Every structure is written in C-alpha cells, then in structure tokens.
Amino acid sequence: MEIVLLTIGKTGISYVREGIAEYCKRLSRYIPYTIQELPDARRGRLSEGEQKELEADLLLKAITDTDYVVLLDERGHEYTSREFAARLEKIMGSGRKRAIFVVGGPYGFSQRVYDRGDAMMSLSRMTFNHEMVRLFFTEQVYRGVSILNGLPYHHD
C-alpha cells in the first residue's frame, strides 16, 4: 500500500523541507510514501467558502474512488503513537492500494471533502501551521512504521 500526504500549497520553510526529506528517506526502506502538493487555491479576493470550494475541487480530483481517505482535522480522533501504528497496520491490511491523508487549506475542508473522507484524525488539540503539520505527520508515519517493524526508534 502507498501512503500519500495530500496538501494544499508548497512547503516553503527550508528546515521543514529538510526534516520531511529525512523522514521520507527513512520511510522509503519500508513503504511507498509520497507528499503530493497541490497548487494554492488563493486567487484574488475569495471568501472563506469560495476558497474551500476551490480547494475541494483540487483535492477531490487527486483522490480516486478506491482510496482510503483520512482527513487531518482538529475534530478528528487523537491517537498515541502506538495506537496510530495499529491504525496504520489496519489501513495497510484493508486491501486498498492507497491511503491518502489530507491536509486542508487555512480554513479547513468544504463539506464535499468531509463527505468523501473515510475517517478523520487530529495530530493535536493545538493548532500548527500547515507546513509543520507535514513534518509532524511524516515523522509520525515513520514512527508508526518503526513500531510495526520492531525498530528501536520509539520509546514508551
């Protein structure tokens, strides 16, 4: 199974890009993991709703009917690292070809995206900027994979 982190906009902070690259390199030994960055939907003066709908068009175009879609959302389920590893294992054993974890734009998701999602998860009750979420999530995927493979990375 391929795991995809689907995002709106690019990662512009160099140290965040470096951290992501390091964890992607580590993950490449165990699972296919990619980050798909979609163009920023902001064009001119858009209302919050208009921007969410433009982003929904981009996100839904990148998702297939057979993908397992998890929305990273503040209202989603929170996991410990071990619980997330178990959830990853269950998703990977689902028979689907891709699991897509979606980071929305600055205003969150439109209802159309919520309707397509199979699950929602929250990385924290705190708010992080979207670039840091990419790094934190990628590290957590690596941590989950290391737990599943018995690597000495995670300590309880």
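Above this text you will find the structure in question.
Keep in mind that what you see is a predicted model, and the values were worked out from it rather than measured.

Basis of the calculations
Residues numbered from 1 in each chain as written. Predicted model: local features only at pLDDT ≥ 70, side-chain atom pairs only at ≥ 80, totals over all residues. Heavy atoms only, no water. Helix = DSSP H or I, 4+ residues; strand = E, 2+ residues; numbered from the N terminus. Rg over C-alpha atoms; globule rule 2.2 N^0.38 Å. Buried < 20%, exposed > 50% of the residue type's maximum accessible area, 1.4 Å probe, protein only. Contact = heavy atoms within 4.5 Å. Areas by Shrake-Rupley, 256 points an atom, 1.4 Å probe, with all protein chains shown as cover. Lys, Arg positive; Asp, Glu negative; His and termini not counted. Charge placed at Lys NZ, Arg CZ, Asp CG, Glu CD. Polar contact = N/O pair within 3.5 Å; in protein donor to acceptor, adjacent residues only side chain to side chain. Expected span 1.5 Å × (residues − 1). Pairing = 2+ DSSP bridges. Axes fitted to C-alpha atoms, helices over the stretch in contact; angles between N-to-C directions. Salt bridge = Lys/Arg side-chain N within 4 Å of Asp/Glu carboxyl O.

**Observations regarding the overall build of the chain**
1) Next: On a plain count of helices and strands, the chain comes out with five helices and five strands.
2) Next: From first element to last, N terminus to C terminus, the chain shows the α and β order β-α-β-α-β-α-β-α-β-α.
3) Next: Over its C-alpha atoms the chain spans a radius of gyration of 15 Å, differing by no more than 12% from the 15 Å that the globule rule assigns to 156 residues.
4) Next: Seen along its three principal axes, the alpha-carbon backbone of the chain occupies a region of about 50 × 35 × 25 Å.
5) Next: Counting every position in the chain, which comprises 156 residues, the buried fraction comes to 44%.
6) Next: For the chain, contacts bridging at least 24 residues in sequence account for 84% of all contacts bridging at least 6.
7) Next: Only carbon and sulfur atoms are counted for the fraction: they give 49% of the accessible area of the chain, which is about 8,600 Å².
8) Next: Of the charged side chains in the chain, 22 are positive and 22 negative, and the gap between their average positions amounts to 3 Å.

**Structural notes on the side chain of Thr138**
1) Next: If you trace the backbone, Thr138 turns up in helix H5 (residues 130-148).
2) Next: On the basis of relative accessibility, which here comes to 0%, the residue Thr138 falls in the buried class.
3) Next: Among the polar contacts made by the side chain of Thr138, one reaches the side chain of Tyr33 at a distance of 2.7 Å.
4) Next: Sequence-distant contacts of Thr138, that is, excluding residues within four places in its chain, are made with Leu5, Ile20, Tyr23, Cys24, Leu27, Tyr33 and Ile35.

**Describing H5**
1) Next: Between its first and last C-alpha atoms H5 spans 27 Å; for 19 residues at 1.5 Å apiece the expected length is 27 Å, and the two agree.
2) Next: Burial runs high along H5: 15 of the 19 residues are buried.
3) Next: Immediately downstream of H5, the backbone of Gly150 shows phi near 70°, a positive value.

**Description of the sheet that holds strand E2 (residues 33-38)**
Where strands meet in a sheet, backbone hydrogen bonds hold them as pairs that are either parallel or antiparallel.
1) Next: Reading across from one edge, E2-E1-E4-E3-E5 is the order of the five strands in this open sheet, with parallel pairing throughout. Looking along the sheet, the strands with just one partner apiece sit at the ends: E2 and strand E5 (119-122). On average, each strand axis in the sheet is inclined to that of its neighbour by 30°, with strand direction left out of account.
2) Next: In the sheet, strand E3 (residues 68-78) pairs with strand E4 (residues 98-103) via five bridges, with the strands oriented parallel. Within E4, the residue paired with Val70 across the bridge is Phe101.

**A few points about the pattern of salt bridges**
1) Next: Inspection of every chain in the model, using the stated rule, returns eleven salt bridges.
2) Next: Among the ionic pairs, Asp73 bridges to Arg75, the shortest N-O distance being 3.4 Å.
3) Next: A residue is classified by how much of its surface remains accessible, and Asp73, at 9% relative accessible area, is buried.
4) Next: Linking Asp118 and Arg96 is a salt bridge whose minimum nitrogen-to-oxygen distance equals 3.6 Å. Residue Asp118 is located in the loop between helix H4 (111-116) and E5, and its partner Arg96 is located in the loop between helix H3 (81-92) and E4; the two are separated by 22 residues in the primary sequence.
5) Next: It is possible to trace a salt-bridge network through shared partners that takes in Glu53, Asp57 and Arg112.

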